[in-house]
Amino acid sequence: MQTHQAKRVAIIIEQVMQSRLTSALEEAGVTGFTILPVLGGSGRSGAWSREGQVSRGTGMVQVVCIIRPERLDEMLEAAFAVVERHIGVVTVSDCEVLRAERF
Amino acid sequence: MQDILSLAATNLLSPIILSFALGVAAALARSDLNIPEAVAKGMSIYLLFAIGFKGGVSVADHGIDGTLALSLLAGVALSAVLPLIAFALLQVLGNLSRLDAAAVAAHYGSISIVTFVAGTSVLEASGITSEGYMVAVAAAMEAPAILSALWLVSRGGDSRRMDPELLREIMLNGSIVLLVGSFVIGWVTGVDGLVKIEAFIVSPFQGVLCLFLLDMGLVAGRGLRGGSGVLRPGVLAFGMVMPLVGATLGLATGLLLGLSTGGVALFMVLSASASYIAVPAAMRVALPEANPSIYLTLSLGVTFPFNLTIGLPVYVAVASALTGG
């Protein structure tokens, strides 16, 4: 089956920043993304778990979007403007998609 | 003094306080006791609706007097001023950076709605009535502290602005909308409305509050366990001294306004409590460099348990003694 090269950008960020990030992505022309809840983890800011959190200020989410390689830089610049000062992880990886016209 | 100690001891041994203590003990003992997230969320919605509705009914039943507007204004002023005092106190007791101190200060100007709900429950159990509009005062005290904290940061040369989206999120956060909305519904429908849903929002209230505080105890205990190494002794002391400072200011405000015993006690509770829902979220957006471990551990792991176990009984007892209630 024919596949097409694409970039998969996964951004783990605090839940309070979610709407700001997705707005920035949309303004940068990203038309699709998926938001996943993060159950817990550990990093420079210490360990935390979703269990028992009373404040959405302490929750994390992962925003995943798949885009064409030529649009990566523009998208990362928009995302970085939002996440720069915040706790989180941004990763970029190669992937392949079946229907290139959707991205 | 004997009466104050007696009332304090009675409140301390109430089911809600003991449920909270059970939660803290279970978390510290690393028990796997857990309240599912959705259940806890459902209980908080129930409690906020019930407390708002009953406050509205009380206003409809007793009518509004001139102290409503004054109480709201006083609440806003207290919320704005308390962070300045907290910030100054932190300069003496703690050795925090300006950002961390301002973030912590914001929490102590704002309020904990769960502490407020527990306070109204303790008052009801003691047969002490309060002004129904204190619910609206609680809602009004959520946000001003955040502006004060940003001002404190900007005085250090680091200019931070409150973006309109953040302001909207704070003013329209779910707790405030539900609390004020149910207050208005209670006010509009009055006692007739209460009669229709009394079996749902009055009788089960104490039991639901027990389970909710059991969950809060678990959360506070986990926070205390995880964050115990984060707080220096001076900052830890601040978590117990600041509620008493706030309560004293709340006491003076309530007495100046001429509120009832219950109203004075609730002003003390509101001024003594520290936010752990609305303000942490706002701080993560406005001051992301501030360390959340410090302000969350302080407000949720130190001040919340302190207020619930020691503060509430003392505030009610002191308000009763000074108002002759």
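Data block above holds the structure.
For clarity, every value in this text was computed on a predicted model and none was experimentally measured.

### Considering the nonpolar core
If you look at soluble globular proteins, the nonpolar side chains tend to sit buried side by side. All names here are of chain B. The biggest cluster of nonpolar side chains holds 132 residues, and the ones touching the most others in it are Ala102, Val104, Ala105 and Ala138. Per element, the largest residue contribution to this core is 15 residues, and it comes from helix H15 (residues 292-323). When residues no more than four places from it in sequence are discounted, the contact partners of Val104 are Ala86, Leu90, Leu96, Ile294, Tyr295 and Leu298.

### Some thoughts on the environment of Ala282(B)
Residues and elements named next belong to chain B. Within the fold, Ala282 resides in helix H14 (residues 278-286). Placed 179 residues apart in sequence, Ala282 and Ala103 show a C-alpha to C-alpha distance of 9.6 Å. The residues touching Ala282, leaving out its near neighbours within four places in the chain, are Ile146, Leu166 and Ile170.

### Section: the sheet that holds strand E5 (residues 60-67) of chain A
Residue and element names in this part refer to chain A. Spatial ordering of the open sheet is given by E2-E5-E1-E6, a layout of four strands whose pairing is antiparallel. Bordering the open sheet on either side are strand E2 (34-37) and strand E6 (88-97), each of which pairs with just one other strand. When the angles between neighbouring strand axes are averaged without regard to direction, this sheet yields 20°. Here four bridges tie E2 to E5, and the two strands are oriented antiparallel to one another. Bridge pairing in E5 places Ile35 opposite Val63. Lying over the sheet, helix H1 (residues 18-27) contacts strand E1 (4-14), E2 and E5, oriented at roughly 10° with respect to E5. Taken strand by strand, helix H2 (residues 72-83) contacts E1, E5 and E6, and its axis lies near 0° from that of E1.

### As for the packing of helix H4 (residues 67-93) of chain B against helix H12 (residues 233-257) of chain B
Residues and elements named next belong to chain B. Orientation of H4 relative to H12, taken along the N-to-C sense of each, is 155°, at an axis distance of 10 Å. In this view, H4 runs roughly antiparallel relative to H12, as classed from their interaxial angle. Considering the relative orientation of H4 and H12, their crossing is right-handed. Together, Thr67, Leu70, Ser71, Ala74, Leu78, Leu82, Ile85, Ala86, Leu89, Leu90 and Leu93 of H4 and Gly234, Val235, Ala237, Phe238, Val241, Met242, Val245, Gly246, Leu249, Gly250, Thr253 and Leu257 of H12 make up the contact between the two elements.

### Observations concerning helix H6 (residues 113-125) of chain B
Taking 1.5 Å per residue, 13 residues should reach 18 Å; H6(B) reaches 18 Å between its end C-alpha atoms and fits that length. With respect to burial, H6(B) is a largely interior element, 11 of its 13 residues being buried.

Conventions and cut-offs
- Residues take numbers from 1 onward in each chain, read along the sequence in its written order.
- The naming scheme follows written order: chains are lettered A onward, ligands numbered 1 onward.
- Residue-level local features of this predicted model are given only where pLDDT is at least 70; pairs of side-chain atoms are given and counted only at 80 or more, and the full residue set underlies all totals for whole chains, interfaces and linings.
- Each nonpolar core consists of buried Ala, Val, Leu, Ile, Met, Phe, Trp, Tyr and Cys residues. Their C-beta atoms, within 7 Å, join them into a set.
- Burial is judged by counting other C-beta atoms within 10 Å of a residue's own C-beta: 20 or more means buried, 12 or fewer means exposed, and anything between counts as partly exposed, with every C-beta placed from the backbone.
- Put simply, DSSP marks the helices as runs of H or I at least four residues long and the strands as runs of E at least two long, and each gets a number from the N terminus on.
- Working definition of a contact: two residues with C-beta atoms, positioned from the backbone, lying within 7 Å.
- One bridge is not enough; two strands pair if DSSP finds at least two bridges between them.
- Fitted lines through C-alpha atoms give the axes, limited to the stretch in contact for helices. The angle between two N-to-C directions lies from 0 to 180 degrees.
- Orientation is classified from the angle alone, with under 35 degrees giving roughly parallel, over 145 giving roughly antiparallel, 65 to 115 giving roughly perpendicular, and any other angle giving oblique.
- For a crossing to be left-handed, the near helix must be turned anticlockwise from the far one by less than a right angle; the clockwise case is right-handed.
- A helix is expected to reach a length of 1.5 Å times the quantity of its residues less one.

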